[in-house]
Amino acid sequence: MRIIGGKFRGRTLATFRGWDIRPTPDRVKESLFQILTPRLVGARVLDLFAGSGALGLESLSRGAGEVVFNDASAESLAVLNKNLSALQVRATVTQKDFRACLKSADGKFDLIFCDPPYKESFLREICNIVSERALLNEGGIVVYESEREECADGFEAIDERRYGRTCVTMWRQL
């Protein structure tokens, strides 16, 4: 796994071992960030299920002003911290369940990346908390990766792409 573009382009990231891990493939990341790059300059980003930090680090590489990384797993955070150190990036990192992270988040975000385990369906719950807490700046979006199409009350899908079994949908609050 590597950084696709921006100032860290080509840098290899530490990853996980094992069959239970499903990092976002480079071709999906490349397509996603071609769409998102105009939104990234100076953006405040939340990488809610950060894992190795690939999505948040790609955002920083392409000009995001700040990324808040969150993951409930200590193993994930160890890999993330290794990647932050290798890139010499300072960032806010929290170890919380996604609900606790959203409920305690300070400020608003321009982008919220949500790449939960595929067997889980958290979109509605995430969007409800984001809406209740007004966590998106005007024009902000939630980027949700899953295996299936989903829907969320009070949000509209503004873009959806399929890459094999991966479905990436960008949601805007109504």
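Each value, and the rule that gives it
- Residues numbered from 1 in each chain as written.
- Predicted model: local features only at pLDDT ≥ 70, side-chain atom pairs only at ≥ 80, totals over all residues.
- Heavy atoms only, no water.
- Core = buried A, V, L, I, M, F, W, Y, C linked by side-chain atoms within 4.5 Å.
- Buried < 20%, exposed > 50% of the residue type's maximum accessible area, 1.4 Å probe, protein only.
- Helix = DSSP H or I, 4+ residues; strand = E, 2+ residues; numbered from the N terminus.
- Contact = heavy atoms within 4.5 Å.
- Pairing = 2+ DSSP bridges.
- Axes fitted to C-alpha atoms, helices over the stretch in contact; angles between N-to-C directions.
- Phe/Tyr/Trp six-rings, centres within 6.5 Å; stacked < 30°, edge-to-face > 60°.

A. Broad picture of the nonpolar core. Core analysis: the biggest nonpolar cluster contains 30 residues, and Leu-32, Phe-113 and Val-143 have the highest contact counts within it. Sort the elements by how many residues they give to this core and helix H1 (residues 26-40) lands first, with five residues. Residue contacts for Leu-32: discarding those within four places in its chain leaves Leu-55, Phe-113, Val-143, Tyr-163, Val-168 and Met-170. Val-68, Phe-109, Phe-122 and Phe-155 belong to the second-largest nonpolar core, a separate cluster that totals 24 residues.

B. Examining helix H2 (residues 54-61) more closely. Judged by how many residues are buried, H2 sits mostly within the fold: eight of eight residues are covered. Among the residues of H2, Ala-54, Leu-55, Gly-56, Leu-57, Glu-58, Ser-59, Leu-60 and Ser-61 are the ones counted as buried. On its buried face, H2 sits against H1, strand E1 (44-47), strand E2 (66-70), helix H3 (74-87) and strand E4 (109-114). Phi turns positive one or two residues past the end of H2, at Gly-63, with a value near 110°.

C. Representation of the sheet that holds E1. Reading across the sheet, the seven strands line up as E3-E2-E1-E4-E5-E7-E6 and stay open at both edges, with mixed pairing between neighbours. Here the strands that pair on one side only, and so sit at the sheet edges, are strand E3 (92-94) and strand E6 (155-163). When the angles between neighbouring strand axes are averaged without regard to direction, this sheet yields 15°. Across eight bridges, E6 lies against strand E7 (residues 166-173) in antiparallel orientation. Bridged to Asp-159 within E7 is Met-170.

D. Layout of the packing of aromatic side chains. Tallied over the full model, the rule gives four aromatic pairs. Summarising the aromatic geometry, the rings of Phe-49 and Phe-98 are spaced 5.3 Å apart at their centres and angled 40° between planes, so their arrangement reads as tilted. Separated by 49 residues along the polypeptide, Phe-49 in the loop between E1 and H2 and Phe-98 in helix H4 (residues 98-104) bring together distant segments of the chain. The buried category is assigned to Phe-98, whose relative accessible area is 4%. An angle of 45° between the planes, with centres 4.5 Å apart, marks the rings of Phe-98 and Phe-122 as tilted. One end of the pair, Phe-98, is in helix H4; the other, Phe-122, is in the loop between E4 and helix H5 (123-132), with 24 residues separating them in the sequence. There is no split in this pair, since Phe-98 and Phe-122 are both buried. Clustering of aromatic rings is evident, with ring pairs tying together Phe-49, Phe-98 and Phe-122.

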